[in-house]
Amino acid sequence: MSRFLKSHARYAVEVAVAFMPWLISMYVLYWLEYGEIWTVETPHRDKIAVVILAAGMALSFLVQSYFIKRKQQ
């Protein structure tokens with residue numbers, strides 16, 4: 001494989017890995033709703049959803065930051 005294709009393939013894998021925490025957090029919210037683990041009457045449901053999404057987004061940011069910092073070295 002040429003150097004160009006390797007670098008683009010590596011970048012695509014890094015982006016996919018960086019998005020995984022965010023996607024997992026979204027799936028957790030889907031699973032909680034679909035499995036009827038929590039309902040509309042669940043106390044503090046909106047706050048918990050925001051925390052789950054924020055945690056997933058923060059982890060994705062940290063993973064992407066790690067990849068960028070490693071590339072600069």
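Residues numbered from 1 in each chain as written. Predicted model: local features only at pLDDT ≥ 70, side-chain atom pairs only at ≥ 80, totals over all residues. Heavy atoms only, no water.

K.L.:
Would you mind showing me how to read the packing of aromatic side chains here?
P.N.:
The way to describe two aromatic rings as a pair is by their centre distance and the angle between their planes. Tallied over the full model, the rule gives four aromatic pairs. Measuring from centroid to centroid gives 6.0 Å for tyrosine 27 and tyrosine 30, while their planes differ by 40 degrees, and the two rings are tilted. One end of the pair, tyrosine 27, and the other, tyrosine 30, are both in helix α1 (residues 3–34), three residues apart, so they sit about a helical turn from each other. Under the relative-accessibility criterion, tyrosine 30 is labelled partly exposed at 47%. With centroids separated by 5.5 Å and ring planes inclined at 15 degrees, the aromatic side chains of tyrosine 30 and tyrosine 34 adopt a geometry described as stacked. Of the two residues, tyrosine 30 and tyrosine 34 both sit in helix α1, four residues apart, roughly one turn of that helix. Aromatic ring contacts, followed pair by pair, group Tyr27, Tyr30 and Tyr34 into a single cluster. (Phe/Tyr/Trp six-rings, centres within 6.5 Å; stacked < 30°, edge-to-face > 60°. Helix = DSSP H or I, 4+ residues; strand = E, 2+ residues; numbered from the N terminus. Buried < 20%, exposed > 50% of the residue type's maximum accessible area, 1.4 Å probe, protein only.)

K.L.:
Please clarify how the pattern of salt bridges should be interpreted in this entry.
P.N.:
When their charged atoms lie close together, side chains carrying opposite charge are able to pair. A complete count under the given rule lists three salt bridges for this structure. With its nearest N and O atoms 3.4 Å apart, the salt bridge here joins arginine 10 to glutamate 14. Taken as a pair, arginine 10 and glutamate 14 lie in helix α1 at a separation of four residues, close to a single helical turn. In this structure, the salt-bridge partner of arginine 70 is glutamate 14, at a minimum N-O distance of 3.1 Å. Within this pair, whereas arginine 70 is found in helix α2 (residues 45–72), its partner glutamate 14 is found in helix α1, the two being separated by 56 residues in sequence. Connected through shared salt-bridge partners, Arg10, Glu14 and Arg70 make up one network. (Salt bridge = Lys/Arg side-chain N within 4 Å of Asp/Glu carboxyl O.)

Such coordinate-based values are descriptive only and should not be taken to indicate function.
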